[in-house]
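The chain contents come next:
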Number of protein chains: 2
Amino acid sequence: MNCAAVLHALRDTGSARVTELVTATGLSRPTVTAAVSTLIDDGWVEEADSSDSSEASSPRMGRPARILRFRADARHVVGIDVGPHKIYCAVADLNGAIVAHVRRAVEPLSSPADLLEHVETTIGLAMAEASIPPSSLAAVGVGTPGIVDEQHESVVQVPSVPGWSSLELARLLRKNLGCPVQIENDVNLAVMAERWDGVGSDVDDLVLVQWGSRLGAAVLVQGNLHRGAHGAAGEIGFVDVEDEDPQGIRPDGQGPLEASIGTSWILRRARSLGDHHSPDAVAVLKAAAAGEEPALTVIDEACTHFARGFAPVLAALDPELVIIGGGITLAEGAIVEGIQRHLGARALVVPRLELSTLGDDAVALGAVRLALTEAEKRLLDAYASPGA
Amino acid sequence: MNCAAVLHALRDTGSARVTELVTATGLSRPTVTAAVSTLIDDGWVEEADSSDSSEASSPRMGRPARILRFRADARHVVGIDVGPHKIYCAVADLNGAIVAHVRRAVEPLSSPADLLEHVETTIGLAMAEASIPPSSLAAVGVGTPGIVDEQHESVVQVPSVPGWSSLELARLLRKNLGCPVQIENDVNLAVMAERWDGVGSDVDDLVLVQWGSRLGAAVLVQGNLHRGAHGAAGEIGFVDVEDEDPQGIRPDGQGPLEASIGTSWILRRARSLGDHHSPDAVAVLKAAAAGEEPALTVIDEACTHFARGFAPVLAALDPELVIIGGGITLAEGAIVEGIQRHLGARALVVPRLELSTLGDDAVALGAVRLALTEAEKRLLDAYASPGA
């Protein structure tokens, strides 16, 4: 119990003297000293190199007090973004600092067995890049498209990845990795990253729109992730506001709104408007950012469709901030201006609008955050349990 | 302080013996006895008529213990629903039991001064009906359409009632009524009533859709009312999903979606389909409930429009339950079946759907609840303050 209190205090401050830990924990000096010895023996705490600390180098009387530091590199966590086209894996220390990352393209429509193998290989590569042994892995967080169950165990429904639905992903990975594994919807993880380290860090009520080849959103209410009664909150890619008969989920797994504004549509539409030199959607988005036609027209049309489907979301939630993330951010000012103008014409109240600055890393960063929370909980629990 | 603790315990249980209050409060018997004397003197507590209590009439040795009861009729609260066409006022005792109610039609487009006078007259009539003197009024809750500020003081924006916007309604009423007055959006109050005493009493994540001549919604997240960053959460009447140029707020203050499915539209559409005998929308809705054409067709069309605008709300929130309230409930099974079918074609997950059973009273009941909370807070605060 005392070890847990000391560890908790040291995690909060980063480094501290015994005197400061006595104040922070309310424990006696001998108790703190004993707990520190245990934590040093167990590898969680070290004495800081005195040259690291400006305080320690200031002139003092007598022997300088030991400065103790939480060993953030004692263990590591992995955050991994598993999409239908790519796997992005980040390795972080226990302070959340990224020490290695690996990005691999995967074939679309891989089978679950293939994807599982890809995931494990990617984690192995990233760990190797950081020279970290598998035994150092404290927890893994996995981001996946689709609906994930409340226990962070199974993928419930992923129209876009055939075979991925009803997959007990966490159990399968845990078996091979030998550490806690939790899964979460990718956009839900991205919004956690925005709150943790992005443009949403000071906002409690916000919506993150992840807009690339897919379209999804995640909702924070009062600073808490709103997952919904069936884990399906924020699945705006499946919105269908067309007047004609509803289209439902398309054969390729895309929902109606994402099919009409996603990056595949953007490239097709640019071609149909005479843009024959852009090799991919990225080129079209960059052309829009540079103010070139017909890219600007394409973005404007996409924003019209988006505003029609998204204005009702604003009417329901009235958030303080909407963050736009995903590949669409390459269009920079053109996408912000387009969304603002078209939402302005359709929404009673238009919230503040910001582009995400986290780029491709957002989901993996959120997954790191999920894994860190689990690792910290287990670490503190281990010392707080009666046997410790 | 002791009075507040005893009062709180007695409010929770309704009635109790001194012995039970000693257990509930953790105070000594003499302290509880003294507090009870003060509360009896102040009029908040009375000795229950022993014939009221089955416990007291059971055979006991010696003198029966006094049964003490909170005097719910010591003061009263008023909940009032102020709409552009009607004012509905309910008077309740401190247990929330309605002791009188008055409903008055008002001219549409009344000026704020007229409306204020109507509100005060209606409160006076309801208090008179219950034979309650103005001095008994402990708090007033007011429901109004539109956006209300976070302090429950002012109406910020009400497109449907000209002149009502930017009105410091709470202050103006407080001046004349001499008791605390709080205002809140009418649909927000209705959802509080549903949670308190309606079909939503066991549900934490729900959306109430109030569908009559107007259309609005209120959102509960984790059991808490979600007001939104600008107090505009749930304003779905202003949703506009049409492909053509956005219509915005119409000259009569209606939003695009409410103008295309509200009861005025329902009557007009029934007429255009050859229904020349229904005198009003109520008749059309009742005809739909009875399975008659063209009313059924009209309801089906309204449900198509509704589903197009509301499915994105479900995609954002994924609630456990959607409650349909307002005049549209007169269509009974026809409206439930229509909404379910059209949402089923457009939403990834369709939540449970229920018709409200509170009818016309919902907003006033929620306003009573708002006033009760304020009255209880003030009562307990008065005894908990250092001078008491």
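The residue numbers shown here count from 1 along each chain, following its written sequence. Chain A is the first chain written and ligand 1 is the first ligand written, with later ones labelled in order. The predicted nature of this model means local features are confined to residues of pLDDT at least 70 and side-chain atom pairs, given and counted, to a pLDDT of 80 or more, with totals for whole chains, interfaces and linings taken over all residues. As a rule here, side-chain values come from all non-hydrogen atoms in the structure, and water together with hydrogens is ignored.

- Under an unreviewed UniProt entry, chain A has the name ROK family transcriptional regulator and belongs to Phytoactinopolyspora halophila.

### Considerations on the relation of the copies chain B and chain A
Step number 1: For this overlay, a least-squares fit was computed on C-alpha atoms, restricted to residues scoring pLDDT of at least 70 in both copies. The transform that puts chain B on chain A rotates by 180° and translates by 0.0 Å along the axis, for an RMSD of 0.1 Å. Read as a symmetry element, the transformation amounts to a two-fold axis. Rotation axis and chain B: the residue whose C-alpha lies nearest the axis is Val313(B), separated from it by 2.6 Å.
Step number 2: Here a residue-residue contact requires only that any non-hydrogen atoms of the pair lie within 4.5 Å. A share of 100% of interface residues in chain B that are also interface residues in chain A marks the association as one of identical surfaces.

### A few points about the domain arrangement of chain A
Residues and elements named next belong to chain A.
Step number 1: According to the domain assignment, chain A consists of domain 1 (2-71), domain 2 (76-190 + 363-379) and domain 3 (200-357).
Step number 2: Domain 1 puts five residues into the contact, and the matching count from domain 2 is four residues.
Step number 3: Here the quantity called buried area is the total loss of accessible area, with a 1.4 Å probe, experienced by two parts when brought into contact, counted for both. Summed over both partners, the interface of domain 1 with domain 2 buries about 410 Å², with 63% contributed by carbon and sulfur atoms.
Step number 4: Ranking the residues of domain 1 by area buried against domain 2 places Arg11, Trp44 and Phe70 at the top, with a combined share of 82%.
Step number 5: Per-class residue counts for the side of domain 1 that touches domain 2 are three nonpolar, no polar and two charged. Domain limits in this description derive from either an automatic procedure or a database domain assignment. Side-chain classes are defined by residue name, with Ala, Val, Leu, Ile, Met, Phe, Trp, Tyr, Cys and Pro counting as nonpolar, Asp, Glu, Lys and Arg as charged, and the others, Gly among them, as polar.

### Here we look at helix α7 (residues 186-197) of chain B
Residues and elements named next belong to chain B.
Step number 1: Across its twelve residues, α7 extends 16 Å between first and last C-alpha, which sits within 8% of the 16 Å expected from 1.5 Å per residue.
Step number 2: Relative accessibility thresholds used throughout: buried, under 20% of the residue-type maximum; exposed, over 50%; partly exposed, between the two (1.4 Å probe, protein chains only). Secondary structure counts use DSSP, requiring at least four H or I residues in a row for a helix and at least two E residues in a row for a strand, with both numbered from the N terminus. Within the sequence span of α7, burial applies to Asp186, Val187, Asn188, Leu189, Ala190, Val191, Ala193 and Glu194.
Step number 3: Polar contacts, as counted here, are pairs of nitrogen or oxygen atoms within 3.5 Å of one another; within protein the pair requires one atom able to donate a hydrogen and one able to accept it, and residues that are adjacent in sequence qualify only if both atoms are side-chain atoms. Sitting at the head of α7, Asn185 places a side-chain oxygen 2.9 Å from the backbone nitrogen of Val187. Expected span of a helix, by definition, is 1.5 Å for each gap between consecutive residues, and there is one gap fewer than residues.

### Focus on helix α12 (residues 333-346) of chain A
Residues three or four positions apart in an α-helix share a direction because the helix packs 3.6 residues into each turn.
Step number 1: Helix length check: α12(A), at 14 residues, gives a terminal C-alpha distance of 20 Å against a target of 20 Å (1.5 Å per residue), a fit within 8%.
Step number 2: Turning to α12(A), its buried residues number three or more, namely Ala334(A), Ile335(A), Val336(A), Gly338(A), Ile339(A), His342(A), Leu343(A) and Arg346(A).

### Some words on the state of the cysteines
Step number 1: When the sulfur atoms of two cysteines come within 2.5 Å, that pair is taken as a disulfide. Under the defined criterion, the tally for this structure stands at zero disulfides over all chains.
Step number 2: Here Cys89(A) is not cross-linked by a disulfide; its sulfur's nearest cysteine counterpart is in Cys179(A), at 11 Å.

### Looking at the sheet that holds strand β3 (residues 67-70) of chain A
Residues and elements named next belong to chain A.
Step number 1: Here three strands make up an open sheet; going across it, the order is β1-β3-β2 and the pairing antiparallel. The strands lining the two open edges of the sheet, one partner per strand, are β1 (15-17) and β2 (45-47). Strand after strand, the sheet turns through a mean of 30° between neighbouring axes, direction not considered.
Step number 2: Here an angle of 0 to 180 degrees is reported between the N-to-C directions of two axes, which are lines fitted to C-alpha atoms, with helices fitted over the stretch in contact. The sheet strands contacting helix α1 (residues 2-13) are β1, β2 and β3, and the helix crosses β3 at an angle near 90°.
Step number 3: With respect to the sheet, helix α2 (residues 18-25) is in contact with β1 and β3, its orientation differing from that of β1 by roughly 100°. Strands are treated as partners if at least two bridges between them are detected by DSSP.

### Digging into the interface of chain B and chain A
Step number 1: Counting residues at the interface gives 39 residues for chain B and 39 residues for chain A.
Step number 2: Roughly 3200 Å² is buried in total at the junction of chain B and chain A, and carbon and sulfur atoms are behind 61% of that figure.
Step number 3: When the buried surface of chain B facing chain A is broken down by residue, Asp318(B), Arg346(B) and Leu348(B) rank first, second and third, together holding 21% of it.
Step number 4: Whenever a carboxyl oxygen of Asp or Glu lies within 4 Å of a side-chain nitrogen of Lys or Arg, that contact is scored as a salt bridge. Counting every contact that joins chain B to chain A gives two salt bridges.
Step number 5: Across the salt bridge formed by Asp240(A) and Arg346(B), the nearest N and O atoms sit 3.6 Å from each other.
Step number 6: Connecting chain B to chain A are 24 residue pairs in polar contact (both at pLDDT 80 or more).
Step number 7: Looking at which element gives the most residues to the side of chain B that touches chain A, the answer is helix α11 (residues 295-317) of chain B, with seven residues.
Step number 8: In terms of residue class, the side of chain B that touches chain A is built from 21 nonpolar, seven polar and eleven charged.

### Some points on unusual backbone geometry
The phi torsion of most residues other than glycine is negative, and most of the peptide bonds are trans.
Residues and elements named next belong to chain A.
Step number 1: Backbone torsion omega between Glu293 and Pro294 reads 0°, so that peptide bond is classified as cis.
Step number 2: Considering the arrangement of structural elements, one finds Pro294 in the loop between α10 (281-289) and α11 (295-317).
Step number 3: Located in the positive-phi region is Gln222, a residue other than glycine, with phi close to 55°.
Step number 4: When you line up the elements, Gln222 lands in the loop between β12 (215-221) and β13 (224-225).
Step number 5: A relative accessible area of 58% places Gln222 in the exposed class.

### Some details on the pattern of salt bridges
Residue and element names in this part refer to chain A.
Step number 1: For the structure shown, the criterion picks out 41 salt bridges over all chains.
Step number 2: Taking the shortest distance from any N to any O, the salt bridge between Asp360 and Lys86 comes out at 3.9 Å. Of this pair, Asp360 sits in the loop between β15 (352-355) and α13 (362-384) while Lys86 sits in strand β5 (residues 86-93), placing them 274 residues apart in sequence.
Step number 3: Through salt bridges with shared partners, a single network forms among Asp81, Lys86, Arg103 and Asp360.

### So, the sheet that holds strand β6 (residues 98-105) of chain A
Residue and element names in this part refer to chain A.
Step number 1: The strand order across the open sheet formed by five strands is β6-β5-β4-β7-β10, and the pairing between neighbours is mixed. Taken across any chain shown, the strands that pair with only one partner, and hence form the sheet edges, are β6 and β10 (181-185). Each adjacent strand pair in this sheet contributes to an overall mean axis angle of 15°, direction not counted.
Step number 2: For strand β4 (residues 76-82) and strand β7 (residues 137-144), the ladder comprises six bridges, and the chain directions are parallel.

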